[in-house]
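Listed below, chain by chain, are the residues.
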Amino acid sequence: MSVSDPAPPPESDDAAVLQAEADRIQAEMEEARPPHAGPAAQVGAALVALVVGLLGAAGSYALGLGALTQPGPGLWPFAISVVIVVLSAVLLVTGRGLRDTERFSRASLQTVVGLVTLVLLAALLPVIGFEIPSALLMFVWLRWLGKESWRSSIVISIGAVAAFYVLFVLLLQIPLPRLI
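Here the structure is a predicted model, which is why all the values come from computation and not from measurement. Along each chain, numbering runs from 1 in the same order as the chain's sequence is written. Residues qualify for local features only when their pLDDT is at least 70, as the model is predicted, and side-chain atom pairs are given and counted only at 80 or more; totals for whole chains, interfaces and linings, by contrast, use all residues. Each side-chain value is derived from all of the structure's non-hydrogen atoms; neither hydrogens nor water enter the calculation.

### Overview of the pattern of salt bridges
Any Lys or Arg side-chain nitrogen found within 4 Å of a carboxyl oxygen on Asp or Glu counts as a salt bridge. What the rule picks out here adds up to one salt bridge. In this structure, glutamate 21 and arginine 24 form a salt bridge, with 2.4 Å as the shortest nitrogen-oxygen distance. Here the residue glutamate 21 and the residue arginine 24 both occupy positions in helix H1 (residues 10-32), the gap between them amounting to three residues, near one helical turn. Judged by relative accessible area, arginine 24 falls into the partly exposed class, the value being 39%. In this description a helix means any DSSP run of H or I spanning at least four residues, a strand means any run of E spanning at least two, and both kinds are numbered starting from the N terminus. Each residue gets one of three labels from its accessible area relative to the maximum for its type: buried under 20%, exposed over 50%, partly exposed in between, using a 1.4 Å probe on protein chains only.

Here's what the structure looks like:
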């Protein structure tokens, strides 16, 4: 090796290898990504969230907001609903140019299963209490949506419901609908 041909520093070779690997991973991710749904889906999602936020705000207002020193049962749900409305309005205005929505596919069914199980939880809570519906919800989410093993799904579901019972019913004395 002559004085006029200095060897490249090893760091530049490492950087080139890392950049090539990052480019390869990015290309793989783009291939695996479902096709974009387009601006109509962005606007539709924003409108659905806006309606949910408005309904939540109306329902929580009906519960009573109370005051900041003595909050009513609807204060926090109202605050969260207002945030949903504001963010939905922002998405409605700016979302047309975004390309981060995906077309509905078989993989989207997990979202539908999650939504259906939440609706079932809400329907069963006043009828049979929170213990059984909460355990079933967690089990379904862990086993079928999260692909956990049968044993861990059962143990975590029962353990979480027991922890919720101790925390909310025994310690905080929150009047939840329950069997026990």
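### Section: a nonpolar patch on the surface
There is a patch of nonpolar side chains on the surface, built from Phe104, Leu109, Val112, Val116, Leu120 and Leu124 and spanning about 530 Å² of accessible area. Overall, leucine 124 belongs to the partly exposed group, its relative accessible area being 34%. Within the patch definition used here, like charges are joined within 9 Å and nonpolar side chains (Val, Leu, Ile, Met, Phe, Trp, Tyr) within 5 Å, considering only residues with over 30% relative accessible area and no salt bridge. Per-residue and other accessible areas follow the Shrake-Rupley method at a 1.4 Å probe size, with only the shown protein chains counted as cover for residues.

### Section: the packing of aromatic side chains
Think of it this way: a Phe, Tyr or Trp ring, Trp meaning its six-membered ring, pairs with another when their centres are within 6.5 Å, and the plane angle makes it stacked under 30 degrees, edge-to-face over 60, tilted otherwise. Applying the stated criterion across every chain yields a total of six aromatic pairs. A centroid spacing of 5.5 Å and a plane angle of 85° characterise the contact between phenylalanine 139 and tryptophan 144, whose relative ring orientation is edge-to-face. Residue classification places tryptophan 144 among the partly exposed positions, given a relative accessible area of 44%. Measuring from centroid to centroid gives 5.6 Å for phenylalanine 139 and tryptophan 150, while their planes differ by 45°, and the two rings are tilted. Of this pair, phenylalanine 139 sits in helix H5 (residues 131-145) while tryptophan 150 is found in helix H6 (residues 150-171), placing the two residues 11 residues apart along the sequence. A relative accessible area of 46% places tryptophan 150 in the partly exposed class. These aromatic residues form a ring-pair network of at least three members: Phe139, Trp144 and Trp150.

Function cannot be inferred from these measures alone, as they are strictly geometric.
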